Number of protein chains: 2
Amino acid sequence: MFVMNEEKLKNYAKLIVNSGGNVQKGQLVIVGCDVENARFGRMVAESAYDAGASEVVMEWGCEFSARSRYLRGADEIFDTFAKWRVDKFKDQNDRGAVYLHIISANPNLLAGVDPDRIRRFSIASRTALKDHMEIMMSNGLRWCGSAAPSPEWAKLVFPDLSEDEAMEKLWDYILKGARADGADPIADWKEHKAGFAGRLDYLNKKQFKSLRITTGIGTDLTVGLATNHVWVGGGGTAKDGLDFFPNMPTEEVFTMPDKHRANGRVVASMPLSYQGSLIEGIDITFKDGRAVEHSATKGAEALGNIMNMDEGAKRLGEVALVSSSSPIAKMKTLFYNTLFDENASSHLALGKAYPKNAKDTDKMSAEEKEKIGMNDSLIHVDFMFGTEDMTVTGISENGEEIVFFENGEFVY
Amino acid sequence: MFVMNEEKLKNYAKLIVNSGGNVQKGQLVIVGCDVENARFGRMVAESAYDAGASEVVMEWGCEFSARSRYLRGADEIFDTFAKWRVDKFKDQNDRGAVYLHIISANPNLLAGVDPDRIRRFSIASRTALKDHMEIMMSNGLRWCGSAAPSPEWAKLVFPDLSEDEAMEKLWDYILKGARADGADPIADWKEHKAGFAGRLDYLNKKQFKSLRITTGIGTDLTVGLATNHVWVGGGGTAKDGLDFFPNMPTEEVFTMPDKHRANGRVVASMPLSYQGSLIEGIDITFKDGRAVEHSATKGAEALGNIMNMDEGAKRLGEVALVSSSSPIAKMKTLFYNTLFDENASSHLALGKAYPKNAKDTDKMSAEEKEKIGMNDSLIHVDFMFGTEDMTVTGISENGEEIVFFENGEFVY
């Protein structure tokens, strides 16, 4: 059995605790971890005590058991979510908890499960945990999602390797991808954070009216940006004023496109893994914000299903830029995991836009949202188009054109 | 790494679910398991679904994390036990849960921990969980405690073996000890259960006034039995009328001695592991129920500490008989674990008696308890005296003597 190097893992655990969750002296820490990654979960707990945590509560999960419950449980259990489980989060949040989630998701975990059970339990749990989710989403507390490999996940990403080799390689990629493989990952993340600050500051001040994106594999798309759009990326600041990184890794800066203004063609640079299907060679042509033609060299039907979900599924909800020198981009690997794949390459999303990507959307009527170009849909599906030769030109309100991204890099 | 045979483990899991917890169709099952035994815990869960469980909730524990919390947590966390944790048990009990606990206790888990923290958290949790414990102890629901090895435990039992070899051997001993290594363990436990029924029926009808116990290594003790004493052993019957085995293994039948009537000498046949000390060669002489002389070839001071705890610590609270043909007895191994050690050999306990070992003790005043000979103490410490040449003679009210146990076996 492959056993990952102790020092490397300890550095990664320390990074998650200090740069990710920014654990403070006297704080309650909740560590969510699959039983298969118990060794690493315990290292994170020890790091949290090193940082002065008053108590570390291990929230052990087990993907195998979760799957088994969906497959073998009685039908009625999927409509309820016990009150004590809600009270648990309330108690922890009242105590000012920091949540550190170590994800080792097998992308095929729910294959073969009755989708109705998943839907019903998702409704039951989301309804019950509404207050908790609201606290999380509004940065009411700090949290950090990071990754550790499971054998199933590793074999999916590296199907040609033995399980041991695949585990070793996925650990290697995760640490590299999370910028956790250097001699001083905490210092590396300070620098990484400063990079985000510079990009966001530049883009938010410029308030480009549109972006023209071109790549050597055929993309030539002009995307309008929403009125008062906000570029977001990197870390967040919790209500207590302390910074944290909700995701490790994180490489993208992203904003809200104007759903009425996308013209031209976009060609995907990597496959899209969607609900068990792999869609390759995505090629979409937009006119006035709406996809008017689409094709794929593989999985064209699945692509059609996505785009026919609703009207919003044919329009854009996100445009994200990722430098091709980012560690994940350089791996040119499909991780089948959003935490990595959305940080691998510049991407667009079909469907729903994020409210935080434009000013004051929480106070807007549906008409006002429509006016600024904020898209709505039941779906939000990212697909990657970034290449090493990508160029992005910012077009200002007054027609001025500035190339701020060239050969896959920010060059402002 | 040693990996235990799949079929053997599945048979053991099935035994725990069906003979131990007696899981019924539509029932909620709680499986308590250390993350280090995740593989076996999942097998128990699958067996529970096979038996028709409506839902299996995994209650993952982690000894390492529990120790770390005691060593590194803030001092104030040991005085509280969150209300939602109490509500969790109430919710599960209201749903008619069966509890299956897989124990893999490292006997040295709490070595070096501040005893005051253990005491305070024990008070906080026991106080909060009083209702739950009451339900468990009064057979309000069914439960089963069983064992699976941890590397630390295995190395303590078999210090001369490599970790892999020790794990293999401890698994082997656990399965043998739990009568789970045969072709049909469930049938074996039916037979085992019938054996208990016969012994309890014989002993409870006889109502011996005293037992005279002799062994080849020096024991010659006459122990009076309490008025209206009850021999107990094997399984229990829950309030819903269904049988279960709270402990797997279980080999002993035991009753209440009269605290005023023990005369003679008892020589221990195995060491006693007590709070980290090993006490060997225990030799105690009783007069009118009270220990008047005691010595040990090793750990004599620890033995003295036990017996000087209070007045009750010098008197007997339990006499238990175990056939030396029982699988655990045959192993002649110190497990450092009560689940096994108390089923390895006939034993006496210094200290507190069990209320269930005499009739109507729940309605008795202190004076009445004193009158029947029921001992009380802060402690209850078992030590083993059974040998393969042990003889037990039952002495009736009218002075009749019947040898019902000879050469280590029941012979009635």
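Residues numbered from 1 in each chain as written. Chains lettered and ligands numbered in written order. Predicted model: local features only at pLDDT ≥ 70, side-chain atom pairs only at ≥ 80, totals over all residues. Heavy atoms only, no water.

The next subject is the sheet that holds strand S7 (residues 232-233) of chain B. Residues and elements named next belong to chain B. Spatial ordering of the open sheet is given by S7-S10-S16-S17-S18, a layout of 5 strands whose pairing is antiparallel. Either end of the sheet is taken by a strand with one partner, and the two such strands are S7 and strand S18 (380-384). In terms of strand pairing, strand S16 (residues 316-321) meets strand S17 (residues 347-351) through 4 bridges, oriented antiparallel. For Ala320, the partnering residue across the bridge sits in S17 and is His347. Against the sheet, helix H9 (residues 185-206) contacts S7 and strand S10 (253-255), and its axis sits at roughly 25° relative to S10. (Pairing = 2+ DSSP bridges. Helix = DSSP H or I, 4+ residues; strand = E, 2+ residues; numbered from the N terminus. Contact = heavy atoms within 4.5 Å. Axes fitted to C-alpha atoms, helices over the stretch in contact; angles between N-to-C directions.)

The first and last C-alpha atoms of helix H4 (residues 83-94) of chain A sit 16 Å apart over 12 residues, in line with the 16 Å expected at 1.5 Å per residue. Buried within H4 of chain A we find Trp84, Lys88, Phe89, Gln92 and Asn93 of chain A. Packing partners of the buried residues in H4 of chain A comprise strand S1 (28-34), strand S2 (55-61), strand S3 (98-103) and helix H6 (130-137) of chain A together with helix H4 (83-94) of chain B. Looking one or two residues past H4 of chain A, Gly96 of chain A carries a phi angle of roughly 75°, positive in sign. (Expected span 1.5 Å × (residues − 1). Buried < 20%, exposed > 50% of the residue type's maximum accessible area, 1.4 Å probe, protein only.)

Here we take up the relation of the copies chain B and chain A. The operation relating chain B to chain A is a screw motion whose rotation component is 180°, with 0.0 Å of axial translation and a residual RMSD of 0.1 Å. Taken together, these values place the two copies in the relation of a two-fold axis. Interface residue correspondence from chain B to chain A reaches 100%, placing this contact among same-surface, isologous pairings. (Least-squares fit on C-alpha atoms with pLDDT ≥ 70 in both.)

Once that is clear, we can look at the environment of Pro115 of chain B. Residue and element names in this part refer to chain B. Looking at where Pro115 falls in the secondary structure, it is placed in helix H5 (residues 115-128). We classify Pro115 as exposed; its relative accessible area is 60%. The spatial distance from the C-alpha of Pro115 to the C-alpha of Tyr70 is 9.7 Å, given a sequence separation of 45 residues.

A few words now on the interface of chain B and chain A. Taken together, the contacts link 32 residues of chain B with 32 residues of chain A. Overall, the association of chain B and chain A removes approximately 2,700 Å² of surface from exposure, summing both partners, and the carbon and sulfur fraction of that is 56%. Among the residues chain B hides against chain A, the three largest losses belong to Arg42, Arg72 and Trp84 of chain B. Together they make up 25% of the total. Here chain B is connected to chain A by 8 salt bridges. Between Arg72 of chain B and Asp50 of chain A there is a salt bridge whose closest N-O contact spans 2.5 Å. Summed over the shared surface of chain B and chain A, the result is 14 residue pairs in polar contact (both at pLDDT 80 or more). Broken down by element, the residue count for the side of chain B that touches chain A peaks at 6 residues, all from H4 of chain B. (Buried area = accessible area lost by both parts, 1.4 Å probe. Salt bridge = Lys/Arg side-chain N within 4 Å of Asp/Glu carboxyl O. Polar contact = N/O pair within 3.5 Å; in protein donor to acceptor, adjacent residues only side chain to side chain.)

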